[in-house]
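Given next are the chains, with one letter for each unit.
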Amino acid sequence: MTVTENVSAPAVPAAVPPPAALPPLAARARSIGGSPVRDILAVTARPEVINFAGGLPAPELFDAEGIAAAYRAVLTEAPARALQYSTTEGEPTLRAALAARTSARGLETGPDDVLVTTGSQQALSLLATALLEPGDTVLVESPCYLAALQAFGFAGARVVAVPGDEDGIDPEALEELVARERPKLLYTVPTFQNPTGRTMPAARRAAVAEVAGRCGLWIVEDDPYGELRFEGERVPWIASCEGARDRTVLLGSFSKVMAPGLRLGWLRAPDELRRACAVAKQAADLHTPTVNQLAAARYLADRDLDAHVARVAAAYGARRDAMLAGLADALPAGSVWTRPEGGMFLWARLPERYDTTALLPGVVRHDVAYVPGAPFHAGEPDRATLRLCFVTQTPGEIAEGLRRLGEGLREASREA
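Residues numbered from 1 in each chain as written. Predicted model: local features only at pLDDT ≥ 70, side-chain atom pairs only at ≥ 80, totals over all residues. Heavy atoms only, no water.

A. Representation of the overall build of the protein chain in the model. For the protein chain, the helix and strand inventory stands at 14 helices and 15 strands. Once local pairs closer than 6 in sequence are excluded, the contacts in the protein chain between residues at least 24 apart make up 74%. Counting only carbon and sulfur atoms, one obtains 56% of the accessible surface of the protein chain, whose full area is about 19000 Å². Where the 42 positive side-chain charges of the protein chain centre and where its 51 negative ones centre are 1 Å apart. (Helix = DSSP H or I, 4+ residues; strand = E, 2+ residues; numbered from the N terminus. Contact = heavy atoms within 4.5 Å. Areas by Shrake-Rupley, 256 points an atom, 1.4 Å probe, with all protein chains shown as cover. Lys, Arg positive; Asp, Glu negative; His and termini not counted. Charge placed at Lys NZ, Arg CZ, Asp CG, Glu CD.)

Below is the structure:
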């Protein structure tokens, strides 16, 4: 029997059309860039660089033993609860502890007044979601915390800077802007502000609260640094001012006083706004990690956080003094700078002819870094300014870093 093989010509594959273009990103994602501070930190991550650019707490001052003990206790005694889903508003034990700490500092607060957030940065995003429509106006300080500018810009808000002075926002200028711009909210870091380190005096806070009460304005009072005071007297929150009690959102965080890796923050807000933020949080992450909340609550129950913060603040005060002692030699003649009573940052302004953004690459070649001041401005930037963080390095490292900074500025300005 003969088998005949039928061999046909190979089929010619049909032409494959090119893939269709994907829909574009949302306009807000295309229009908002990353954080200039994060970009600088990526460039200066080499261990030999003395980095005054970041806002990083000193890791050697973390109470790692106490935090580890709190996690061990929680995971040993209540593992099912610690590893389970939680409520959006936050673990009741932590909310109660936060309310008690806030009340002890002069602002009567109950657990139901508090919403736990995944860092206070999330609180800003939740507030933007709850309060802002695209095109709404937000008023901010000048200069302003960078990540707040990002959060409000991402929400599509129009961000307008309020003129001010060494004491912060000018209440008269604020009232004029409220009348002209009809903003939804004012954002402020009144205590040891980022980036300047300045603190708004009590009388100025009362005046700002009075404007908000009379003109109809939400105030977002961000207080991540307020406990890090190493001289002077504590100034009451704006939220405690009579005219602002029903319209101020107070933000807090454990990032600077316990550890940033916990990602634990909170907001205290009037009922309707707090509930709206809780709904926004449900859509964002359901809830902040349960185990972190329970560990923080256990730490507050077992340890003396205030004593720990006092030790950290004393170390930071010595580091601030080391930076102040070396600035005159490091910065060009005619420069001026702030002298913060607490917090993590100081702000310097060089003579007019200097552009700190243009000078930075030359300075980094000397293994030291700062943050140029321009990105902190919502309006016209002041290009002669810069921010220095004084808490991450020891006094000896600060002295060496300022020596390098002086050399780098002198060389970079000659080349410019």
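B. Looking closely at the nonpolar core. Counting 94 residues, the largest nonpolar core has F152, Y187, F254 and L405 as the members making the most contacts within it. Per-element tally for this core: the top contributor is helix α12 (residues 305-330), with nine residues. Once residues lying within four places of it in the same chain are set aside, the contact partners of Y187 are L124, L139, V140, E141, C144, Y145, A148, F152, V220 and D222. Judged by nonpolar contacts, the second largest core, of 19 residues, contains I169, A212, I219 and A244. (Core = buried A, V, L, I, M, F, W, Y, C linked by side-chain atoms within 4.5 Å. Buried < 20%, exposed > 50% of the residue type's maximum accessible area, 1.4 Å probe, protein only.)

C. Summary view of the sheet that holds strand β14 (residues 371-372). The strand order β11-β12-β15-β14 describes an open sheet built from four strands, whose pairing is antiparallel. Each edge of the sheet is formed by a strand with only one pairing partner; in this case those strands are β11 (336-337) and β14. Relative to strand β15 (residues 385-389), β14 is paired through two bridges, and the arrangement is antiparallel. Note on β15: the bridge partner recorded for P372 is L386. (Pairing = 2+ DSSP bridges.)

D. Fine view of the pattern of salt bridges. Applying the stated criterion to the full structure yields 31 salt bridges. Between R101 and D306 there is a salt bridge; the shortest N-O distance is 3.2 Å. Of this pair, R101 sits in helix α5 (residues 92-104) while D306 sits in helix α12, placing them 205 residues apart in sequence. Between D271 and R274 there is a salt bridge; the shortest N-O distance is 3.1 Å. You can see D271 and its partner R274 sitting in helix α10 (residues 271-284), three residues apart, about one turn around the helix. Taking the relative accessible area as the measure of exposure, R274 reaches 11% and is therefore buried. Salt bridges linked by common partners bring R101, R105, E227 and D306 together as one network. (Salt bridge = Lys/Arg side-chain N within 4 Å of Asp/Glu carboxyl O.)

E. Here's a closer look at the packing of helix α13 (residues 356-364) against helix α14 (residues 395-415). α14 packs onto α13 with a crossing angle of 120° between their chain directions and a minimal axis gap of 8 Å. By the angle between their directions, the pair α13 and α14 is classed as oblique. Handedness of the crossing formed by α13 with α14: right-handed. Counting all contacts with α13, which are made through L359, G362 and V363, the residues of α14 involved are L405, G408, L409, A412 and S413. Taken together, the residues that form the contact of α13 with α14 break down as five nonpolar, three polar and no charged. (Axes fitted to C-alpha atoms, helices over the stretch in contact; angles between N-to-C directions. Parallel < 35°, antiparallel > 145°, perpendicular 65-115°, else oblique. Left-handed = near helix turned anticlockwise from the far one by under 90°. Nonpolar A, V, L, I, M, F, W, Y, C, P; charged D, E, K, R; others polar.)

F. Representation of the environment of R95. Looking at the secondary structure, you find R95 in helix α5. When its relative accessible area of 11% is taken as the criterion, R95 is described as buried. Separated by 18 residues in sequence, R95 and D113 place their C-alpha atoms 8.5 Å apart. Excluding residues that lie within four positions of it along the chain, R95 makes contacts with E89, G90, P111, D112, V114 and V116. Polar contacts involving the side chain of R95 include one to the main-chain carbonyl oxygen of V114, which spans 3.0 Å. (Polar contact = N/O pair within 3.5 Å; in protein donor to acceptor, adjacent residues only side chain to side chain.)

G. Spatial organisation of the packing of aromatic side chains. Taken as a whole and judged by the stated rule, the model has five aromatic pairs. Here the aromatic rings of Y225 and F345 are separated by 5.8 Å at their centres, their planes lie at 90°, and the arrangement is edge-to-face. Of this pair, Y225 sits in the loop between β8 (218-222) and β9 (248-253) while F345 sits in strand β12 (residues 345-349), and the two are 120 residues apart along the sequence. Under the relative-accessibility criterion, Y225 is labelled buried at 4%. A ring pair is formed by W347 and F376, whose centres lie 5.8 Å apart and whose planes are at 90°; its orientation type is edge-to-face. With a gap of 29 residues between them, W347 in strand β12 and F376 in the loop between β14 and β15 connect regions that are remote in the sequence. The buried category is assigned to F376, whose relative accessible area is 1%. (Phe/Tyr/Trp six-rings, centres within 6.5 Å; stacked < 30°, edge-to-face > 60°.)

Everything listed here is a matter of coordinates, which is why it stays silent on function.
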